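# An overview of the molecular structure
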Amino acid sequence: MDKPHPFAHFRSRLIRGLLVVTPLLVTLWLLRILFDLVDGNVTPIVVAVLKAIGAEGVEHWQVMPGFPLVGLVVTVVLVYLLGVFTGNLAGRRVLLWFESFILRIPLVKGIYGSARQLLDAFGMTSKSAFSKVVLVEYPRRGLWTVGFVTSESAHRLPGGMDGVSGPWVPVFLPTTPNPTSGWLLLVPRDELLVLDVSIEAGVKLIVSGGIVSPGDLGAHVRTWSEPEPEPAPSREAAEAS
């Protein structure tokens, strides 16, 4: 049995180490951004409040390093209280009023509205903006890209170069590892392969670059299923109405 080449051994171990350290570096980078944000905005407020109530030793160099931690705790508490407030009926009404006000501002409404829709779409909530995880033969024949059906409303468009006719459905193709960017394609429904996986599993697959996978994707492929029509009301119900 041939021994593996030393360079191949080094390369495989190097890639394995990068896969371990990269998520840690990204996490530390995000925490650093949060820390700098708190240190630059919340910490001065904490210092001003302590001075206003007459606290001693505020300017002492041994006390100052503790202020960013206090500011971080204050930020976490405020975000938590905001989540609690918007979780009840009154808070949701205030949030809806605030969003309706924001969406009336010409320049801001485009940025805020788009960001909110993307965050809602990738929030893995029951009210997801995506309905199906699909495979699209893109960017050429023989290559498949993971995408999300954003609406199952059929569009009747002219046939393409191959004479393909509709119905066509909008499919969002996100990028890796940032799924909030990407592009929209209108794809003939017959050319889509539907994956029998959850939206959350599809997002994890894209964000991880295929590392976190639900298994053999071919085993999850199924045909497109039309939504079942609502049953017609019975004669008795019609007469009662």
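All values reported here derive from a predicted model rather than from experimental measurement.

What counts, and at which threshold
- Residue numbers restart at each chain and count upward from 1, following the sequence in its written direction.
- Whole-chain, interface and lining totals are the exception, using all residues; otherwise, since this is a predicted model, local features are given only for residues with pLDDT of at least 70 and side-chain atom pairs are given and counted only at 80 or more.
- Hydrogens and water molecules were not included; the side-chain quantities draw on all heavy atoms of the structure.
- The helix count covers DSSP runs of H or I at least four residues long, the strand count covers runs of E at least two residues long, and both are numbered beginning at the N terminus.
- For each residue, the accessible area found with a 1.4 Å probe, counting protein chains only, is set against the maximum for its type, and the residue is called buried under 20%, exposed over 50%, and partly exposed in between.
- Only heavy atoms enter the contact rule, under which two residues are in contact if any of them lie within 4.5 Å.
- Between the rings of Phe, Tyr and Trp (Trp by its six-membered ring), a pair exists once the centres lie within 6.5 Å; its type follows the angle of the planes, with under 30 degrees stacked, over 60 edge-to-face, and the other angles tilted.
- We define a salt bridge as a side-chain nitrogen of Lys or Arg found within 4 Å of a carboxyl oxygen belonging to Asp or Glu.
- Each residue carries a pLDDT value, the predictor's own confidence for that position, ranging from 0 to 100.
- Paired strands are those between which DSSP finds at least two bridges.
- Here a polar contact means two N or O atoms within 3.5 Å. Within protein one must be a hydrogen donor candidate and the other an acceptor candidate, and residues neighboring in sequence count only if both atoms are side-chain atoms.

## Concerning the overall build of the chain
Of the regular secondary structure elements, the chain holds 6 helices and 6 strands. Counting every position in the chain, which comprises 241 residues, the buried fraction comes to 21%. Put simply, of all contacts in the chain between residues at least 6 apart along the chain, 46% involve residues at least 24 apart.

## Some details on the packing of aromatic side chains
Following the criterion strictly, the structure yields 4 aromatic pairs and no others. Considering the side-chain rings of F130 and F148, the 4.8 Å spacing of their centres and the 15 degrees angle between planes classify their relative orientation as stacked. Placement of F130 in the loop between α4 (106–121) and β1 (132–137) and of F148 in strand β2 (residues 144–149) is noted, with a sequence separation of 18 residues between them. No difference in accessibility class separates F130 from F148, as the two residues are buried. Between the aromatic rings of Y138 and W183, the centroid separation amounts to 6.3 Å while the plane-to-plane angle is 50 degrees, which identifies the pairing as tilted. Here Y138, found in the loop between β1 and β2, pairs with W183, found in strand β4 (residues 182–188); they are 45 residues apart in sequence, far enough to count as distant. Using a relative accessible area of 28% as the deciding quantity, one classes Y138 as partly exposed.

## Focus on the pattern of salt bridges
Under the definition given, this model contains 4 salt bridges. Across the pair R222 and D196 runs a salt bridge whose closest N-O atoms are separated by 3.7 Å. In this pair, R222 sits in strand β6 (residues 221–222) while D196 sits in the loop between β5 (193–195) and α5 (199–207), placing the two residues 26 residues apart along the sequence. With its nearest N and O atoms 3.4 Å apart, the salt bridge here joins K204 to E200.

## Observations regarding the confidence of the model for the chain
When pLDDT is averaged along the chain, the result is 75, and 73% of the positions lie at 70 or above. Overall, residues 227–238 carries pLDDT values under 50, and its contacts beyond four positions in sequence, including any with other chains, amount to 1 contact.

## With respect to the sheet that holds β6
What the 6 strands build is an open sheet, ordered β4-β3-β2-β1-β5-β6; its pairing is antiparallel. Of all strands in the sheet, those bounded by a partner on one side alone are β4 and β6. Bridge count between β1 and β5: 3 bridges; the pairing is antiparallel. Its bridge partner being in β5, L135 is matched across the sheet by L193.

## Focus on the side chain of S208
Counting through the fold element by element, S208 comes out in the loop between α5 and β6. Engagement of the side chain of S208 in a polar contact is seen with the backbone nitrogen of I211, the distance being 3.3 Å. There is a polar contact of 2.8 Å between the side chain of S208 and the backbone nitrogen of V212.

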